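Coordinates in review
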Amino acid sequence: MSPFKPLVFSGVQPTGNLHLGNYLGAIRKFVALQESHDCIYCVVDLHSLTATLVHDDLADQTRQITAAFLAAGINPKAHIVFNQSRVPLHAELAWIFNCVARIGWMNRMTQFKDKAGKDRENASLGLLAYPSLMAADILLYRATHVPVGDDQKQHLELTRDIAAKFNNDFSKRIRDLGLGVEMEMGEETVDGFFPLTEPLIEGPATRVMSLRDGTKKMSKSDPSDLSRINLTDDADAISKKIRKAKTDPEPLPGEVEGLALRPEAENLVGIYAALAETSRESVLSEFAGAQFSTFKPALADLAVEKLGPVASEMRRIMADRRYVDTVLKDGGERAGAIAETTMKSVRRIIGLIGD
Ligand code: AMP
Ligand code: TRP
């Protein structure tokens, strides 16, 4: 049991269209966690600068992600919804973490390697330091649980490494200042300041794959729009994309083991299970032996039924820009107050003179 007060934090970047992977892998979990936890959900606009510094539509994209959070059912009064840059302390803590993290740790990040490609020397320093800003997002609130898709697992391990190194490097000061929380670290009990955050990655849709290639992740940046279902797609677009989704010629198996080596079939069954809030096993027990000509229309109907209301609510909320901006401002003020408390302690621990 963590001695820290349970708190959920997660973030989504305002880049490109939100898709089914974001919805099933992340946003829908955000909604469910509100019942059991205090939650902070952040539109991480500073992170999106690592893709392109100049965004013509960054503000609109930020509002769109906010609208998706609200349309999916996140309650911004009971919890906190804000945009990252509104609380500049994210950048301050990220700087400190840049000095805690090692370049070797950053160089090992698969997302950095994928995004930087062959010409690493020419990647921005921000792209390399990205996971340190992500650790700051989480630890600024001393969050204990982070719901994300499978692709973020390595970044969350790094967040734990940063927290552990900070706790270790400053353990004496943390103890002397009485700012520590007793934590089990292996055999020892130490006084730590930051929790070792737990990732929440589970369920049938932690990694939704492209509809055109079952070995590639569904992604905002895929040039083919047929590869993904966007949260803003209408019923016709959803049905068309599912109809055109790549499959193999075999009927569906009766058991999950029968999906091995059939990535496209496995993906569509996983999507069905996640949308229906059930397991792959129960989907297969219903559709065992069915051809895709039967399964795809059933999946399309289910997707339209579940996503349609979110899309129309998103449009309704987007039309009221003032409301969206008020949510972000109010959330930013409440997030900022928590963040300031953490940073005051961090400055004292490090020895930076402040109030
Ligand atoms: P991003 O769009 O990269 O900011 O991702 C926002 C959230 O969606 C993160 O928690 C990701 O892990 C999650 N996510 C992104 N793509 C997928 C996918 N294809 N399947 C499942 N989760 C995803
Ligand atoms: N790196 C995450 C992504 O690309 C977004 C993110 C930034 C995040 N900060 C976070 C997710 C903090 C969880 C917690 O999807």
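Because the structure is a prediction, the values reported are computed rather than measured.

**Points about the domain arrangement of the protein**
Interfaces are often sized by the accessible area lost when the parts come together. Partitioning the protein into structural domains gives domain 1 (7-204 + 321-350) and domain 2 (225-317). Each of domain 1 and domain 2 has a C-alpha centre, and these two points are 31 Å apart. Counting residues at the interface gives 17 residues for domain 1 and 18 residues for domain 2. Interface area, domain 1 with domain 2, both sides summed: about 1,500 Å², of which 73% is carbon and sulfur. For the pair domain 1 and domain 2, the interface holds 0 salt bridges. On the surface where domain 1 and domain 2 come into contact, there are 4 residue pairs in polar contact (both at pLDDT 80 or more).

**So, empty space enclosed by the protein**
The full count for this structure, using the stated rule, is 1 cavity of 30 Å³ or more. Within this model, the largest cavity holds a volume of roughly 40 Å³. Of all the secondary-structure elements, those providing two or more residues to the lining of the largest cavity are helix 6 (110-116) and helix 7 (125-139). Broken down by element, the residue count for the lining of the largest cavity peaks at 3 residues, all from helix 7. For the lining of the largest cavity, the per-class residue count stands at 4 nonpolar, 2 polar and no charged.

The rules we used
Residues numbered from 1 in each chain as written. Chains lettered and ligands numbered in written order. Predicted model: local features only at pLDDT ≥ 70, side-chain atom pairs only at ≥ 80, totals over all residues. Heavy atoms only, no water. Domains from an automatic or database assignment. Contact = heavy atoms within 4.5 Å. Buried area = accessible area lost by both parts, 1.4 Å probe. Salt bridge = Lys/Arg side-chain N within 4 Å of Asp/Glu carboxyl O. Polar contact = N/O pair within 3.5 Å; in protein donor to acceptor, adjacent residues only side chain to side chain. 1 Å grid on protein atoms, 1.4 Å probe; cavity = no way out; pocket = protein on both sides within 12 Å on 5 of 7 lines; lining within 4 Å. Points joined across faces, edges and corners; volume = space filled by probe spheres on them. Helix = DSSP H or I, 4+ residues; strand = E, 2+ residues; numbered from the N terminus. Nonpolar A, V, L, I, M, F, W, Y, C, P; charged D, E, K, R; others polar.

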